[in-house]
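One letter stands for each residue in the lines below.
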Amino acid sequence: MKQPQRTKIRPSPETVDEAERVAKATQKPGQTKEQTRLIAQGVQKGIDEYKKQQKARARAADKAKKQRQRAESSELDTEHDFDDEPLATNARGTWLPWALLVLSWIGFAVFYWQM
C-alpha cells in the first residue's frame, strides 16, 4: 500500500526574517555565514515548534470551552424539564378557549338556520 507523500511545509516569510534577525543579533566575531545560516535555521525551527504548541493549546482550550458549554446547557435542560412540574393554569387561560369555541358553534348554527 502506497503511503501519501509528505509535502514539506514552507515556513512563513515573517518567520524566516525573524530567525535571520535573531541569528545576526547573536552573531559572534569570526563566525562564518554558514554558521549564521545554521543558527537561523535552528531559531526558525524553534519558532515553528512554538507556533505548533500554541495552536495545540488553543485547540485544547477551545475544546474544553465547548465541553463546559455543553455541560452547562445540559444542566439547564435538566433544571427546566417541564415533565416533572404540574402545568400552571390561570382562570383566563382555561375559559377563554372554551368561550371562543362555544361562540363559534353558536355562530355556525345561526348562520345555518338563516339560510
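From a predicted model like this one, the values you see are computed outputs, not experimental measurements.

Visitor: How would you sum up the layout of surface pockets? Please name residues and give values.
Guide: As a volume, the largest pocket reaches approximately 520 Å³. As for the largest pocket, its lining consists of 13 residues, and the residues nearest its centre are Ile9, Arg10, Pro11, Gln44 and Asp48. Broken down by element, the lining of the largest pocket gets its largest block of residues, seven residues, from helix α2 (residues 33-79). Tallied by class, the residues present in the lining of the largest pocket amount to two nonpolar, four polar and seven charged. Considered as a void within the structure, the second largest pocket measures approximately 180 Å³ in volume. If you go around the second largest pocket, the residues you meet are Val16, Ala19, Glu20, Ala23, Lys24, Gln27, Lys33, Thr36, Arg37, Ala40, Gln41 and Gln44.

Visitor: Break down the side chain of threonine 15 for me, with residues and values.
Guide: Structurally, threonine 15 can be placed in helix α1 (residues 13-25). Since its relative accessible area comes to 3%, threonine 15 is described here as buried. Only 2.8 Å separates the side chain of threonine 15 from the side chain of lysine 51, close enough to count as a polar contact. Other than its neighbours up to four places away in sequence, threonine 15 contacts Gln44, Ile47, Asp48 and Lys51.

Visitor: Which residues make up the environment of isoleucine 47, and what are the values?
Guide: Locating isoleucine 47 in the fold gives a position in helix α2. Linking isoleucine 47 and alanine 19, residues 28 residues apart in sequence, is a C-alpha distance of 7.9 Å.

Visitor: Quick one: what's the story with α1, residue by residue and with numbers?
Guide: With 13 residues, α1 extends 18 Å between its outermost C-alpha atoms, agreeing within 8% with the 18 Å of an ideal straight helix rising 1.5 Å per residue. Within the span of α1, buried status applies to Thr15, Ala19 and Ala23. One side of α1 carries all its buried residues, which in axial view fall inside an arc of 65°. Away from the buried face of α1 by more than 90 degrees, exposed residues Pro13, Glu14, Arg21, Lys24 and Ala25 are located.

So, how was this worked out
Residues numbered from 1 in each chain as written. Predicted model: local features only at pLDDT ≥ 70, side-chain atom pairs only at ≥ 80, totals over all residues. Heavy atoms only, no water. 1 Å grid on protein atoms, 1.4 Å probe; cavity = no way out; pocket = protein on both sides within 12 Å on 5 of 7 lines; lining within 4 Å. Points joined across faces, edges and corners; volume = space filled by probe spheres on them. Helix = DSSP H or I, 4+ residues; strand = E, 2+ residues; numbered from the N terminus. Nonpolar A, V, L, I, M, F, W, Y, C, P; charged D, E, K, R; others polar. Buried < 20%, exposed > 50% of the residue type's maximum accessible area, 1.4 Å probe, protein only. Polar contact = N/O pair within 3.5 Å; in protein donor to acceptor, adjacent residues only side chain to side chain. Contact = heavy atoms within 4.5 Å. Expected span 1.5 Å × (residues − 1). Arc of directions from axis to C-beta.

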